Amino acid sequence: MHVILGATGKIGRTTIAALRKAGAPIRAVLRDPSQAREFSDLGCEIAIADLHDRRALATAMNGARAVQVICPVDIRAEHAHSRMSQLIDSLGEALAAANPQLVLAISDYGAEQSSGTGVTLIFHALEARLRKLPSRLILLRSAEHMENWSRLAKAAAESGRLPSFYHPLTKLLPTVSAFDVGAISAELLLDNSNAKLRIVHAEGPRRYTPNDVAAAIGLLAGRSVVAQPLPETEWRTVLIRAGLSEDYARLLIELYVAHNAGRIDAESDVGEIRRGKIELVDALRPLLGAQR
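Let me sum up the structure you'll find in this document. (Residues numbered from 1 in each chain as written. Predicted model: local features only at pLDDT ≥ 70, side-chain atom pairs only at ≥ 80, totals over all residues. Heavy atoms only, no water.)

1. Looking at the overall build of the protein chain
Under the convention used in this document: Secondary structure elements are taken from DSSP: a helix is a run of H or I of four residues or more, a strand is a run of E of two residues or more, and numbering for both begins at the N terminus. Three labels apply to residues, based on accessible area from a 1.4 Å probe with only protein chains included: buried if under 20% of the type maximum, exposed if over 50%, partly exposed otherwise in between. The contact criterion used is simple: two residues touch if any of their non-hydrogen atoms lie within 4.5 Å. The protein chains shown are the only cover counted for residues, whose accessible areas, like all others here, come from Shrake-Rupley with a 1.4 Å probe. Note that His is not counted, nor are the chain ends; the positive residues are Lys and Arg, and the negative ones are Asp and Glu. Here the site of a charge means atom NZ of a Lys, CZ of an Arg, CG of an Asp or CD of a Glu.
Per the secondary structure count, the protein chain includes eleven helices and twelve strands. Principal-axis analysis of the C-alpha atoms gives the protein chain an extent of 55 × 40 × 40 Å. Going through the 292 residues of the protein chain one by one, you find that 50% of them count as buried. In the protein chain, the share of contacts with a sequence separation of at least 24, taken over all contacts with a separation of at least 6, comes to 77%. Total accessible area computed for the protein chain in this model is approximately 13,200 Å², and 49% of it derives from carbon and sulfur atoms. Distance between charge centres in the protein chain, computed from 35 positive and 32 negative side chains, equals 3 Å.

2. Quick word on the side chain of Ser-177
Test applied: Distance and chemistry together define a polar contact, namely a pair of N or O atoms within 3.5 Å, with one atom able to donate a hydrogen and the other to accept it when in protein, and with adjacent residues in sequence counting only for side-chain atoms on both sides.
Structurally, Ser-177 can be placed in the loop between β9 (175-176) and α7 (178-190). The buried category is assigned to Ser-177, whose relative accessible area is 1%. Within the structure, the side chain of Ser-177 is placed 2.7 Å from the side chain of Glu-147, a separation counted as a polar contact. Residues within four places of Ser-177 in sequence aside, it is in contact with Met-146, Glu-147 and Ile-278.

3. Some remarks on the sheet that holds strand β1 (residues 2-4)
The criterion, for reference: Strand pairing is assigned whenever DSSP identifies at least 2 bridges connecting the two strands. Note on geometry: axes are C-alpha line fits, over the in-contact stretch for helices, and angles between N-to-C directions span 0 to 180 degrees.
On the basis of which strands lie adjacent, the open sheet formed by eight strands has the order β3-β2-β1-β4-β5-β6-β10-β12 and parallel pairing. The open sheet terminates on both sides in strands that have one partner only, identified here as β3 (45-48) and β12 (272-275). Strand-to-strand, the axes of this sheet are offset by a mean angle of 25°, without reference to chain direction. Bridge count between strand β6 (residues 136-142) and strand β10 (residues 197-203): six bridges; the pairing is parallel. When the bridges of β10 are listed, Ser-142 appears paired with Ala-202. Most of the contacts of helix α5 (residues 120-130) go to strand β5 (residues 102-108), to which it runs at about 160°, and overall it touches β5 and β6.

4. Looking at the packing of aromatic side chains
For clarity, the threshold we go by: What counts as a ring pair is set by centres within 6.5 Å for rings of Phe, Tyr and Trp (its six-membered ring), and what kind of pair is set by the plane angle: stacked under 30 degrees, edge-to-face over 60, tilted for all other angles.
One pass over the structure, following the stated rule, counts five aromatic pairs. With 5.9 Å between their ring centres and 65° between their planes, Trp-235 and Tyr-256 make a pair best called edge-to-face. On the criterion of sequence distance, the pair formed by Trp-235 in helix α9 (residues 235-241) and Tyr-256 in helix α10 (residues 246-260) is long-range, its members being 21 residues apart. Taken individually, Trp-235 and Tyr-256 each receive the classification buried, so the pair is uniform in this respect. Ring pairs connect the aromatic residues Trp-149, Phe-165, Tyr-166, Trp-235 and Tyr-256, which therefore count as one cluster.

5. Describing unusual backbone geometry
Residue His-167 is joined to Pro-168 through a cis peptide bond whose omega torsion reads -5°. Checked against the element boundaries, Pro-168 lands in the loop between β8 (161-164) and β9. At Asp-269, a position not held by glycine, the phi torsion is positive, near 60°. Looking at the element boundaries, Asp-269 is found in the loop between α10 and β12.

6. What about the environment of Ile-16?
With respect to the helices and strands, the residue Ile-16 is situated in helix α1 (residues 10-21). In contact with Ile-16, other than residues within four places in its own chain, are Ile-4, Ala-7, Ile-26, Ala-28, Phe-39, Leu-42 and Cys-44.

7. So, helix α8 (residues 210-221)
Put simply, the rule reads: A helix is expected to span 1.5 Å multiplied by its residue count minus one.
If you check α8, its first and last C-alpha atoms are 16 Å apart, about what twelve residues at 1.5 Å a residue would give, namely 16 Å. Of the residues making up α8, those classed as buried are Pro-210, Val-213, Ala-214, Ala-216, Ile-217, Gly-218 and Leu-220. Those residues of α8 that are buried lie in contact with α6 (150-159), β8, β11 (226-229) and α11 (280-288). Positive backbone phi, at 70°, marks Gly-222, one or two positions downstream of α8.

8. Points about the pairing of β3
Stated precisely, the cut-off is as follows: By convention, a crossover is right-handed whenever its connection, traced from the first strand over the helix to the second and viewed with the strands pointing away, goes clockwise.
The sheet contact formed by strand β2 (residues 26-30) and β3 spans four bridges and is parallel. When the bridges of β3 are listed, Leu-30 appears paired with Ile-48. The handedness of the β2 to β3 crossover, carried by helix α2 (residues 36-41), is right-handed.

9. Some thoughts on the nonpolar core
Which entries qualify depends on this criterion: Nonpolar cores are built from buried Ala, Val, Leu, Ile, Met, Phe, Trp, Tyr and Cys residues. Side-chain atoms within 4.5 Å join them into one set.
Judged by nonpolar contacts, the single largest core of 99 residues is most densely connected at Leu-5, Leu-57, Met-61, Leu-140 and Ile-217. Residues contacting Leu-57, with those up to four places away along its chain left out, are Leu-5, Val-29, Ala-49, Asp-50, Leu-51, Ser-90, Leu-91 and Ala-94.

This is the structure in structure tokens:
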């Protein structure tokens, strides 16, 4: 039995589809019972549990050989880091009670660093908590998702300008489609490796600069789109206006600063890198409703 947390997200859905195609038994953990029919139709068992309810989580994981863990981040939480710390504690206790043979955690590039990386510190804490478990552990560290550019892509397609938190505009960024992360996760869950700890980095087929992102948006929009560096003095205002809480905006700003300083990348000489197949333009196409 494979138990998948975050079943309704891009990664979870892709992992489930790949595992079911391979004939693996799945238990999809959902918070909302109204979404159960979709997964039942795929042949999944259904468990209902909130990630902050450690007892319900442990019950949902009961009898699992493997559990895929993902920590959803609430960008509107007033105390984002403490809220995520509570979630990590809940997950850790539930996993310790269920004691699956294998835990695969969706983590993040830069998670090995213990300071100065903002949002990524949440994943550092997650990895540290999961390393205490007796289970075999796979840390699947994901580069930034291509789909995250959707926050700015539609406005850029209309205005012809893509504001970039990344400086300089020629900086090559590690990035990957969330759907590729789900596919890579399924491959790892089906692997028969008995390693106690595996660290795997997930990237797309190549890296892209902010200029490349603007060009891809322009190609799909059928117009010229130019990337423009967003001054750091404007970051907080822009992020809060986009709906982020002040606390989450602070964490994200710290992450962008770390990115621009070259601190967010695959950990050197550790683990392996697996590359997805989805190119940036193909990840952005459905987000922009483009036919090109």
